[in-house]
Amino acid sequence: MGIVLDKDMDEARQGEAITMNEVEGGRKLYLESYGCAMNFSDSEVVASILTNDGFSTTQDSEEADLILINTCSIRENAEQRIRNRLRQFNKAKKNRPGLIIGILGCMAERLKTNLLEEEKLVDIVAGPDSYRDLPGLIQEVEGGQKAVNVLLSRDETYADISPVRLDKNGVTGFVSITRGCDNMCSFCVVPFTRGRERSRDPQTIVQECGALFNAGYREVTLLGQNVDSYRWNMTSKGEIKDETNPTTNFAELLVMVAQVHPDLRIRFSTSHPKDMTDDVLYAIANHKNICNYIHLPVQSGNSDILKKMNRGYTREWYMNRIEAINRIIPNCGITTDIITGFCDETLEQHEETLSIMREVKYDTAYMYKYSERPKTLAERKYEDNIPEDEKQRRLEEIITLQHEHSLAMNKAQVGKIEEVLVETPSKRSEEQMMGRTDRNLKVIFDRKDSKPGDYVMVRITDCNKASLKGEIVESE
Ligand code: 5AD
Ligand code: SF4
């Protein structure tokens, strides 16, 4: 997958700049983030490291001493957007010779020194596992060098760094539990940019969730490229590494985090259909505060395409997992990712994607045209041979179908009374609040005396395909 849930690849957050408290006389950092939730979470680690190095943050790139962009390589157009942004910043440098510009994240890892040598757009190139080295890299640049660290690590998880929280609402936060990915889906650049999969010490995860709860947070989303393969003190073959210490798998981690506090909601992303076991589903079913919501990327409904994608499951296997979810967790929201126009995809195979959507009826889906990425298995083995306009036509077809399903799902909620965690004032009016139901549906309702972080009971009165409307009712 790639962590891409609604909050995963939230269009509204692309290019968001962070701010923290000012440090008197400190150097100023402008840090902009793109891509998935893992990147936004990494930016919080970067902010923490640089605050300790004497930086304060600014929302205004024009007053910055250091501009950093945390980047995404998942599709070609993501990179294009960032390149344009870098060119803009680079122009600003002409009038401000002391300004340092750095690129972080997946694009830094993928392009390495090209960005310095050929395009001459940046001073610092830092891959996802090198953020502890940023103060050193900045020093090198100040000494007149260009600075690069694109080493990938087998064990870096930034476990001991307490991230500076950059999400604005103070209610929902991300906590990363694994880094990297070992799956090698043939279309995906992530294994090349984020390296080998490694899990973070469970005690540090529980501590971070506890600290978030004490700071007023009421929801955490545990992040990993493939959360189901989380394992602590175990090898990938399931052998125990240290007999004197306990092992932890993902289901066990979920239960540990659920026990932090009954009022802390737990979500996670992303699940992988080949690794999602029933014990994870039972953990969800048995704990009220583990939300009934699973993001389970399908990518395609056709088993031959899935094989070419190297996803490690067939359509039948995927449907078996969906049946298990529906059997074990009644009323569970399911969302997905879909790619249209993968190499050699026939019309019949595309039809199978439409038919699996009809069978599952996802709450929402994140839908993309296939974008060939350098070095991936698909780039080396298959031809990117579906014409752009045909990819687009197929994409529009699945989007239209998904909108029907989203609307039907939302309509089915009308009349229900749901527990909603209040997040923020709604975009349109301070008098209305936005919150989410357990299954992650967005609800807009009159504020009354509710505030962010409260749990309120809301009667659902109306909806469109994107959200529900409701009114607060007294809890019985
Ligand atoms: N082209 C299009 N979509 C992609 N994704 C990952 N790589 C590509 C690509 N090369 C999508 C997948 C994944 C999500 C994070 O992004 O659907 O689940
Ligand atoms: Fe997700 Fe597959 Fe990419 Fe790993 S290789 S990040 S599982 S799409």
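For the structure itself, consult the block above.
Our subject in this report is the structure included herewith. Residue positions within a chain follow its written sequence, with the count starting from 1. Each chain gets a letter, beginning with A, and each ligand a number, beginning with 1, in the order they are written. At least 70 in pLDDT is required for a residue's local features to be given in this predicted model, at least 80 for side-chain atom pairs to be given and counted, and no such filter applies to totals for whole chains, interfaces and linings, which use all residues. Hydrogens and water are ignored here; the side-chain numbers use all heavy atoms of the structure.

1. So, the overall build of the protein
No. 1: Comment: elements are numbered from the N terminus, with helices defined as DSSP H or I runs of at least four residues and strands as E runs of at least two. Each helix and strand in the protein was counted, giving 14 helices and 22 strands.
No. 2: Computed over the C-alpha atoms, the radius of gyration of the protein is 22 Å, within 12% of the 23 Å expected from 2.2 N^0.38 for a compact globule of 476 residues.
No. 3: Taking the principal axes of its C-alpha atoms as reference, the protein extends roughly 65 × 55 × 55 Å.
No. 4: Taking all 476 residues of the protein together, 58% fall into the buried category.
No. 5: When contacts within the protein are restricted to residue pairs at least 6 apart in sequence, those whose partners lie at least 24 apart make up 72%.
No. 6: Calculation of accessible area relied on Shrake-Rupley with a 1.4 Å probe; when residues are assessed, cover is drawn exclusively from the protein chains displayed. Accessible surface for the protein amounts to roughly 20,100 Å². Of this, 47% is attributable to carbon and sulfur atoms. For a compact globule the rule gives 2.2 Å times the number of residues to the power 0.38, and the radius of gyration it is set against comes from C-alpha atoms. For every residue, the accessible area obtained with a 1.4 Å probe (protein chains only) is divided by the maximum for its type, and the residue is called buried under 20%, exposed over 50%, and partly exposed between those limits. Residues are treated as being in contact if the distance between any of their heavy atoms lies within 4.5 Å.

2. As for the pattern of salt bridges
No. 1: We count a salt bridge whenever a side-chain nitrogen from Lys or Arg sits within 4 Å of a carboxyl oxygen from Asp or Glu. The tally for this structure, following the rule as stated, stands at 38 salt bridges.
No. 2: For Arg373, the salt bridge is made with Glu76, and the minimal N-O distance between the two is 3.6 Å. Placement of the pair is Arg373 in the loop between β17 (364–369) and α13 (377–381) and Glu76 in helix α2 (residues 76–92), with a sequence separation of 297 residues.
No. 3: Accessibility expressed as a relative area gives 1% for Arg373, which makes it buried.
No. 4: Among the salt bridges present, the one from Arg394 reaches Glu390, with a minimum N-O distance of 2.8 Å. Of this pair, Arg394 and Glu390 both sit in helix α14 (residues 388–411), four residues apart, which is roughly one turn of the helix.
No. 5: A relative accessible area of 4% places Arg394 in the buried class.
No. 6: On the basis of relative accessibility, which here comes to 19%, the residue Glu390 falls in the buried class.
No. 7: One network of salt bridges, with partners in common, ties together Asp42, Asp129, Arg179, Arg194 and Arg198.

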